[in-house]
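Structural features, examined
Here is what each chain is made of, one letter per residue.
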Amino acid sequence: SEVTGQNVELTASSPPMRVILKHGGTVRWTLDQSGSWTVLLLPQRLTGFGYYAFDRLPTSELTGIPPGEYYAIALDRFDPRTTTDAAHLRELVPRATSVRVEEGSDAFVQLKINRAPD
């Protein structure tokens, strides 16, 4: 049975289990502005893991991203210690760009730097 994203209770009497790992994809971006930025990649359900890259890194891509639907947004500043709760993340959704990550494929997105909410 496919159980991705579901809770599964395992006991000593559970049948054998097979785990299939999928190859992650890559999200590449271009920014239409220069300056300080953080690119966030958030699952559209706003649950699970998000990914981010800072302008201090010599990259314009995130690799190894599990297949799925994400929101991508570039922000002028980001502090993961104070702005990763669901309420703050929901504020970003209307300004974010949807991106679909396919297994082993590249996804491209054009972003602009947004002012982070206070």
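This report concerns the structure included in the present document. Predicted model only: the values in this text are computed from it and were never measured.

Observations concerning a nonpolar patch on the surface
On the surface, a nonpolar cluster with roughly 630 Å² of combined accessible area is contributed by Val3, Val8, Leu10, Met17, Val19 and Leu21. Within the secondary structure, Val8 is located in the segment before strand 1 (25–31). Note on Val8: relative accessible area 47%, which makes it partly exposed.

Structural notes on the layout of surface pockets
Quantified by volume, the largest pocket comes out at close to 1,300 Å³. Residue lining of the largest pocket: 32 residues in total, with Glu2, Val3, Thr4, Gly5 and Lys22 positioned closest to the centre. Of all the secondary-structure elements, those providing two or more residues to the lining of the largest pocket are strand 5 (68–75) and strand 6 (97–101). Here the lining of the largest pocket gets three residues from one element, more than from any other, and that element is strand 5.

Focus on the pattern of salt bridges
According to the stated counting rule, one finds five salt bridges in the structure shown. Residues joined by salt bridges that share partners form a network here, namely Arg28, Glu61 and Asp106.

Quick notes on the packing of aromatic side chains
Going through the model one piece at a time under the given rule, you end up with two aromatic pairs. Where Trp29 meets Trp37, the ring centres are 6.1 Å apart and the plane angle is 80°; that geometry is what we call edge-to-face. Each member of the pair Trp29 and Trp37 is classed as buried.

What counts and how
Throughout, a residue's number is its position along its own chain's written sequence, starting from 1. For a predicted model such as this one, the threshold for reporting local features is a pLDDT of at least 70, and the threshold for listing and counting side-chain atom pairs is 80 or more; totals across whole chains, interfaces and linings nevertheless cover every residue. For side-chain calculations, the full set of non-hydrogen atoms in the structure is used, while hydrogens and water are omitted. Any residue with relative accessible area above 30% and no salt bridge may belong to a patch, with like charges joined within 9 Å and the nonpolar Val, Leu, Ile, Met, Phe, Trp and Tyr side chains within 5 Å. The method behind every accessible area is Shrake-Rupley, applied with a 1.4 Å probe, and residues are considered shielded solely by the protein chains displayed. What counts as a salt bridge is simple: a side-chain nitrogen of Lys or Arg found within 4 Å of a carboxyl oxygen of Asp or Glu. Secondary structure elements follow DSSP: runs of H or I of four or more residues count as helices, runs of E of two or more count as strands, with numbering from the N terminus. Each residue is assigned to one of three classes by its accessible area relative to the maximum for its type, calculated with a 1.4 Å probe on protein chains only: buried under 20%, partly exposed between the two thresholds, exposed over 50%. Both cavities and pockets are sets of points on a 1 Å grid over the protein atoms alone; in a cavity a 1.4 Å probe fits but cannot get out, in a pocket the set is open with protein on both sides within 12 Å along at least five of seven lines, and lining residues sit with an atom within 4 Å of a point. Grid points are joined across faces, edges and corners, and a volume is the space filled by probe spheres set on the points. Aromatic pairing here means that ring centres of Phe, Tyr or Trp (its six-membered ring) are within 6.5 Å. Orientation follows from the plane angle: under 30 degrees is stacked, over 60 is edge-to-face, and everything else is tilted.

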